[in-house]
Amino acid sequence: RYVLEEPEDYTVKNFGEFKRISAGTLEDFKVYECSESNRAGALALPTYDAQTGEHLGTKIRYPKRYKIAKFAWDVAVTKRTPPYYASEQAHKFKKTQPIYIGEGYTDTLTLNSLGYQAIGFDNAGTVKGTFKELGEYLNKFQGIVFVSDHDLAGQESFKHCVEWAL
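These numbers come from a predicted model, not from an experiment.

Student: An account of the packing of aromatic side chains is requested, with residue identities and associated values reported.
Tutor: Taken as a whole and assessed by the stated rule, the structure comprises four aromatic pairs. Seen in terms of ring centroids, Tyr137 and Phe141 are 5.3 Å apart; in terms of plane orientation they differ by 80°. Their pairing is edge-to-face. Per residue, the accessibility class of Tyr137 equals that of Phe141, and both read buried.

Printed below as a string of structure tokens:
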């Protein structure tokens, strides 16, 4: 058994090591270190439209020393708050394979790092919006696999997934 301690400040490298996400996946998803002084030690996670690759916005992952929410939208570059997280390569996913939908950014990065083609909810509360925007796109795949946490929010999001699928 081992315990990993969250880094004081994030770099792309130590975030990948901490979360066990490959450097290649972080590069594919264009994750980068924030350079602004008010965001020192934070990471930026750009969000793209799963079908077109258009940049929709950027979410900032703050280290715990900031004592604020882990994630916040960068309002300066966010056109709209998308209900899902997908990289610009999502529109290249093979329709002959299943698509995985993770609960949140880190889960989505992890799934992609493990070789699964995955998009993710912005958070468990945005599940309904995800299906409104992506329902037709998702139905083109061989299958859809929902990956959610076993907490109350994850159970609720899974319930919405099942309702949508039926």
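Student: How would you sum up the pattern of salt bridges? Please name residues and give values.
Tutor: Here the structure, examined in full by the defined rule, presents five salt bridges. Lys13 is the salt-bridge partner of Glu17, the closest N and O atoms lying 3.3 Å from each other. Taken as a pair, Glu17 and Lys13 lie in helix H1 (residues 12-19) at a separation of four residues, close to a single helical turn. Here the salt bridges share partners, and the residues they tie into one network are Glu36, Arg39 and Asp74.

Student: Provide a residue-level description of the sheet that holds strand S1 (residues 32-33), including the pertinent values.
Tutor: Across a sheet, paired strands are connected by hydrogen bonds in the backbone, their directions being either parallel or antiparallel. Strand order in the open sheet formed by four strands is S1-S2-S3-S4, with antiparallel pairing between adjacent strands. Lying at the two open borders of the sheet, with one neighbouring strand each, are S1 and strand S4 (71-73). For strand S3 (residues 55-61) and S4, the ladder comprises three bridges, and the chain directions are antiparallel. Across the sheet, residue Lys59 finds its bridge partner in S4, namely Trp73.

Student: Which residues make up the environment of Gly53, and what values go with them?
Tutor: With respect to the helices and strands, the residue Gly53 is situated in the loop between strand S2 (43-48) and S3. For Gly53, a relative accessible area of 18% puts it in the buried group. For the pair Gly53 and His91, spaced 38 residues apart in sequence, the C-alpha to C-alpha distance is 6.8 Å.

Student: Would you mind going over the side chain of Glu6 in detail, with residue names and values included?
Tutor: Here Glu6 shows up in the segment before H1. Polar side-chain contacts of Glu6 include one of 2.2 Å to the side chain of Tyr10. Setting aside its immediate chain neighbours within four residues, Glu6 contacts Phe18, Arg61, Pro63 and Lys64.

Student: Hey, could you go over the environment of Ile99 for me, with residue numbers and the actual values?
Tutor: Tracing the sequence through the fold places Ile99 in strand S6 (residues 99-103). Apart from the residues within four sequence positions on either side, Ile99 is in contact with Phe93, Gln117, Ile119, Tyr137, Leu138, Phe141, Gly143, Ile144 and Val145.

Student: Before we move on, could you go through the nonpolar core and cite the residues and values that matter?
Tutor: Of all hydrophobic cores here, the largest spans 15 residues; its most connected members are Phe93, Ile99, Ile101, Ile119, Phe131, Tyr137 and Leu138. Put simply, the parts of the chain that give this core at least two residues each are S6, strand S7 (118-121) and helix H4 (127-138). Ranked by residues supplied to this core, first place goes to H4 with five residues. The next biggest cluster of nonpolar side chains, apart from the first, holds 12 residues, and it includes Ile21, Leu26, Val31 and Leu109.

Student: Give a description of helix H3 (residues 105-113) that names residues and reports values.
Tutor: Looking only at H3, the buried set comprises Tyr105, Thr106, Thr108, Leu109, Leu111 and Asn112. At the C-terminal side of H3, Gly115 shows a positive phi close to 100°.

Reading guide: rules and limits
Residues numbered from 1 in each chain as written. Predicted model: local features only at pLDDT ≥ 70, side-chain atom pairs only at ≥ 80, totals over all residues. Heavy atoms only, no water. Phe/Tyr/Trp six-rings, centres within 6.5 Å; stacked < 30°, edge-to-face > 60°. Buried < 20%, exposed > 50% of the residue type's maximum accessible area, 1.4 Å probe, protein only. Salt bridge = Lys/Arg side-chain N within 4 Å of Asp/Glu carboxyl O. Helix = DSSP H or I, 4+ residues; strand = E, 2+ residues; numbered from the N terminus. Pairing = 2+ DSSP bridges. Polar contact = N/O pair within 3.5 Å; in protein donor to acceptor, adjacent residues only side chain to side chain. Contact = heavy atoms within 4.5 Å. Core = buried A, V, L, I, M, F, W, Y, C linked by side-chain atoms within 4.5 Å.

Note that all results are geometric; they support no functional claim without further evidence.
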